[in-house]
Protein chains: 2
Amino acid sequence: MAKQKKGQKVAHEPAVTASAEQTADGGLRELLRVPAGPVDLTTYDTRATAGFSGTKEDGKLALENLGAEVSDWQERLFAEGRSGGERSILLVLQGMDTSGKGGVIRHGAGLMDPQGLKITSFKAPTPAEKRRGFLWRIRQAVPGYGLIGIFDRSHYEDVLIARVRELVTPAVWSKRYDQINDFEAELVASGVTLVKCYLHISPEEQRLRLDARLDDPTKHWKYNPGDVDERMLWPDYMEAYHAAIERCNTPQAPWYVVPSDRKWYRNWAVTTILLETLKELDPQWPTADFDVAKEKKRLAAT
Amino acid sequence: MAKQKKGQKVAHEPAVTASAEQTADGGLRELLRVPAGPVDLTTYDTRATAGFSGTKEDGKLALENLGAEVSDWQERLFAEGRSGGERSILLVLQGMDTSGKGGVIRHGAGLMDPQGLKITSFKAPTPAEKRRGFLWRIRQAVPGYGLIGIFDRSHYEDVLIARVRELVTPAVWSKRYDQINDFEAELVASGVTLVKCYLHISPEEQRLRLDARLDDPTKHWKYNPGDVDERMLWPDYMEAYHAAIERCNTPQAPWYVVPSDRKWYRNWAVTTILLETLKELDPQWPTADFDVAKEKKRLAAT
């Protein structure tokens, strides 16, 4: 499980040579965090493997090897939440169709105890949801204390598809960036650590993946003819993503761009970012609020 | 992964010698299903390993080996639910403290894709919940189409602790058995397949497990002095379980008694029951509702 930075030239990868320890201590977040200022996703390599050197097989094994550690930290956070702690994590996954939001949940979150996860997949809002503010349904899905929430798409769709497809007027969506920042600041203040990941694939990789879905009858249910319509608006979506990431990339709720043409890297990277986040929160096993010796006696008497 | 019935004498285990295939085809459910009529849990061996012969290590490996198959079937059910299907599964887990409801979810459900799970842990009802009927909060947690719901405790607590602790009058709890049967019949009619498992441990095993929690500071958060108080009412709880299982053991919503003194067997058994249930539902990959060849051409043109 070597974690040295692979020698690919990617504009936004700082020239850090991370040792395994450094990466585990926060290094990958440093490598993938979007710097403040204008965002141009075309300068980010979708096939990069920043922070990891090794083969695909190495990467799959490295992910499996994270399982014990990440689920141990997850349980500590859960225990803290059951014992008066008021912290949680919210992983926001965004990306174009086939970028692998579901794959990250299956393979990364799947390493953890499902009891400690709160996963919400946001589809087009229902008529009832539309009659409320766009953040209404998002608020319902915020993870409770001790939980790791995962959003498969999110409130960002309200400045992505809503903007590209003109589902609302520019006067409406243009106000939403500030509304999102206010909302996220409120979450952070209430104990939620936000981890926002954009799963970055190339249009060529998307074509391959959609084609593979069409070739495999067990994957037809994942395909929708509308996927090609959206695909044809790729530049518009990129423009919307640039604005969303740039305007909502705050120090307390930063964006990460995760190169995602390589599925194994994507899964490892998001899981590593989660692990680093958990370790930074450093939840401790709650101490007993009862007299252990006395309880042992009571128990022995039964 | 031998699955022959172990030669333990347990009153309610029919003398079936199940081959691996027979067990996988529904055999374990046959072995563990509670027969109609009066229920006496003292006649069920808590250390039995019905349907499995092998060591603890074999059992852990057998569980791991179920992972690929159970998650494949889970995805088929999920795909069906996304494509117009109206079926789901609801696993109800009941058992005394430390019987391993959480362990089954962690180790059994943990093999599946968390996106397809809806897990609800029921604690003591809040004042707001108490002001509604006891089934109100249960209905909120019923899994949607294509999902596998898991209840860690359930509406059965309303005829268990509510009866033992006299949280309501006998006139109230005595009516609940019929209300539960009506509710469950309604669920079944609406496409929910119910799998109700009682995780059966001995009082001796519970003492060992509570003692182990007291000895391990990383487990103190799971311990509550009230656990010993509940433990002292063991015979009352058994009486309440007998009534609940007997009166709510319907052909469409049967109870299974899962011997749970051996954690590895318990996890394997519940997961196997889920797998058998999925295979019986036999969800198929949805067929394309679009023209595949046409879509391939459209995609190639982008």
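Residues numbered from 1 in each chain as written. Chains lettered and ligands numbered in written order. Predicted model: local features only at pLDDT ≥ 70, side-chain atom pairs only at ≥ 80, totals over all residues. Heavy atoms only, no water.

In the annotation of an unreviewed UniProt entry, the entry for chain A reads PPK2 family polyphosphate kinase, and the organism field reads Kribbella sp. HUAS MG21.

### Structural notes on the overall build of chain A
Quick note on the threshold: The helix and strand labels rest on DSSP assignments: H or I over at least four residues marks a helix, E over at least two residues marks a strand, and numbering proceeds from the N terminus. All radius of gyration figures rest on C-alpha atoms, and the globule criterion is 2.2 Å times the number of residues raised to 0.38. Only protein chains enter the accessibility calculation, which uses a 1.4 Å probe. A residue is then buried if its area is under 20% of the maximum for its type, exposed if over 50%, and partly exposed in between. Between two residues, a contact is recorded if the distance between any of their heavy atoms is within 4.5 Å. Working convention for charge: Lys and Arg count positive, Asp and Glu count negative, and His plus the chain ends are omitted. Positions of charges follow a simple convention, taking NZ of Lys, CZ of Arg, CG of Asp or CD of Glu.
The helix and strand tally for chain A stands at 12 helices and five strands. For chain A, the C-alpha radius of gyration of 21 Å lies close to 19 Å, the compact-globule estimate for 302 residues. For chain A, the proportion of its 302 residues judged to be buried stands at 55%. At a minimum sequence separation of 6, the contacts of chain A that also span at least 24 residues come to 81%. Computing the positive centroid from 42 side-chain charges and the negative centroid from 43, chain A places the two 3 Å apart.

### Digging into the relation of the copies chain A and chain B
Counted only if it meets this: When the copies are superposed, the least-squares fit takes in the C-alpha atoms of residues with a pLDDT of at least 70 in both.
When chain A is fitted to chain B, the residual RMSD is 0.0 Å, and the transformation amounts to a turn of 180° plus an axial shift of 0.0 Å. A rotation of that kind, with that shift, is consistent with a two-fold axis. Among all residues of chain A, the one whose C-alpha sits closest to the rotation axis is Pro114(A), at a distance of 3.0 Å. When the interface residues of chain A are mapped onto chain B, 100% of them are again interface residues, pointing to one common binding face.

### Description of the packing of helix α7 (residues 170-189) of chain B against helix α10 (residues 234-247) of chain B
Residues and elements named next belong to chain B. Going by this rule: Orientation is described by lines fitted to C-alpha atoms, with helices fitted over the stretch in contact, and by angles between N-to-C directions that extend from 0 to 180 degrees. Left-handed describes a crossing whose near helix is turned anticlockwise from the far helix through less than a right angle; right-handed describes the clockwise counterpart. Ten residue types, Ala, Val, Leu, Ile, Met, Phe, Trp, Tyr, Cys and Pro, are classed as nonpolar, four, Asp, Glu, Lys and Arg, as charged, and the remainder, Gly among them, as polar.
Two numbers describe how α7 lies on α10: the axes approach to 10 Å, and their chain directions differ by 35°. Read as a crossing pair, α7 and α10 show a hand that is right-handed. For the pair formed by α7 and α10, the contact residues are Ser-174, Tyr-177, Asp-178 and Asn-181 on the first element and Ala-243, Ala-244 and Arg-247 on the second. Per-class residue counts for the contact of α7 with α10 are three nonpolar, two polar and two charged.

### A short note on the pattern of salt bridges
Two side chains that carry opposite charge are able to pair once their charged atoms sit near each other. Applied cut-off: The salt bridge definition used is simple: a Lys or Arg side-chain nitrogen within 4 Å of an Asp or Glu carboxyl oxygen.
Per the stated rule, a full pass over the model turns up 48 salt bridges over all chains. Linking Arg106(B) and Asp113(A) is a salt bridge whose minimum nitrogen-to-oxygen distance equals 3.2 Å. Of this pair, Arg106(B) sits in helix α3 (residues 101-107) while Asp113(A) sits in the loop between α3 (101-107) and β2 (117-121), placing the two residues on different chains. What makes Arg106(B) partly exposed here is its relative accessible area of 26%. Glu157(B) is paired through a salt bridge with Arg153(B); the nearest N and O atoms lie 2.9 Å apart. A single salt-bridge network, built from bridges that share partners, covers Glu75(A), Asp113(A), Arg106(B) and Lys222(B).

### Section: the sheet that holds strand β1 (residues 88-95) of chain B
All names here are of chain B. What counts here: Strand pairing follows a simple DSSP-based rule, namely that at least 2 bridges must link the two strands.
Spatial strand order, β2-β3-β1-β4-β5: five strands in an open sheet with parallel pairing. Of all strands in the sheet, those bounded by a partner on one side alone are β2 (117-121) and β5 (255-259). Strand after strand, the sheet turns through a mean of 20° between neighbouring axes, direction not considered. Pairing geometry for β2 and strand β3 (residues 148-152), over five bridges, is parallel. Its bridge partner lying in β3, Lys-118 is registered against Gly-149. Along the sheet, α7 contacts β1 and β4 (192-200); its crossing angle with β4, the most-contacted strand, is approximately 130°.

### Quick notes on unusual backbone geometry
Residue and element names in this part refer to chain B. Of note in the backbone geometry, Thr-98 takes a positive phi value of approximately 70° without being a glycine. Take Thr-98: it is sitting in the loop between β1 and α3. Its identity as a non-glycine residue notwithstanding, Glu-166 has a phi of 55°, on the positive side. Locating Glu-166 in the fold gives a position in the loop between α6 (161-164) and α7.

### Side note on helix α2 (residues 56-82) of chain A
All names here are of chain A. Rules: By definition here, a helix of n residues has an expected span of 1.5 Å times n minus one. Here the bend at a residue is taken as the angle between two axes, fitted respectively to the seven residues that end there and the seven that start there.
Taking 1.5 Å per residue, 27 residues should reach 39 Å; α2 reaches 38 Å between its end C-alpha atoms and fits that length. At Gly-67, α2 is deflected by roughly 35°, the largest bend along its length. Among the residues trailing α2, Gly-84 stands out with phi positive, at a value near 105°.

### Here's the deal with the environment of Tyr177(A)
Residues and elements named next belong to chain A. The following threshold applies: Whenever two N or O atoms come within 3.5 Å, that pair is a polar contact, provided that in protein one can donate a hydrogen and the other can accept it, and provided that, for residues adjacent in sequence, both atoms are side-chain atoms.
Within the fold, Tyr-177 resides in helix α7 (residues 170-189). When the C-alpha positions of Tyr-177 and Thr-43 are compared, they lie 23 Å apart, and in sequence the two are 134 residues distant. Beyond its immediate stretch of four places on either side in the chain, Tyr-177 contacts Val-159, Arg-163, Ala-243, Ala-244, Arg-247 and Cys-248. Polar contacts involving the side chain of Tyr-177 include one to the side chain of Arg-163, which spans 2.8 Å.

### Considering the sheet that holds β2(A)
Residues and elements named next belong to chain A. Strand order in the open sheet formed by five strands is β2-β3-β1-β4-β5, and the pairing between neighbours is parallel. Lying at the two open borders of the sheet, with one neighbouring strand each, are β2 and β5 (255-259). Averaged over all neighbouring strand pairs, the angle between strand axes comes to 20°, with direction disregarded. With five bridges connecting them, strand β4 (residues 192-200) and β5 associate as parallel partners. Directly across from Leu-199, in β5, lies its bridge partner Val-258. Helix-sheet contacts for helix α11 (residues 263-281) involve β1 (88-95), β3 (148-152), β4 and β5, and the interaxial angle to β4 is about 165°.

### Considerations on the packing of helix α12 (residues 292-300) of chain A against helix α8 (residues 203-215) of chain B
Definition in use: Just so you know how the angles are binned, under 35 degrees is roughly parallel, over 145 roughly antiparallel, 65 to 115 roughly perpendicular, and the rest oblique.
At a minimum axis distance of 10 Å, the contact between α12(A) and α8(B) shows a crossing angle of 170°. On the basis of the axis angle, α12(A) is roughly antiparallel to α8(B). Contacts between α12(A) and α8(B) involve Val292(A), Glu295(A), Lys296(A) and Leu299(A) from the former and Arg207(B), Leu210(B), Asp211(B), Leu214(B) and Asp215(B) from the latter. Among the residues making up the contact of α12(A) with α8(B), the classes are represented as four nonpolar, no polar and five charged.

### Re the confidence of the model for chain A
Keep this limit in mind: The pLDDT value expresses, per residue, how confident the predictor is, ranging between 0 and 100.
For chain A, per-residue confidence averages 92 on the pLDDT scale, and residues scoring 70 or more make up 91% of the total. Model confidence for the complex: the whole-complex pTM is 0.91, and ipTM, which rates the interface, is 0.90.

### Quick word on the environment of Gly51(A)
Residues and elements named next belong to chain A. One can find Gly-51 in the loop between α1 (20-32) and α2. Gly-51 sits in the buried class, given a relative accessible area of 0%. A C-alpha to C-alpha distance of 7.2 Å links Gly-51 and Leu-31, two positions 20 residues apart in sequence.

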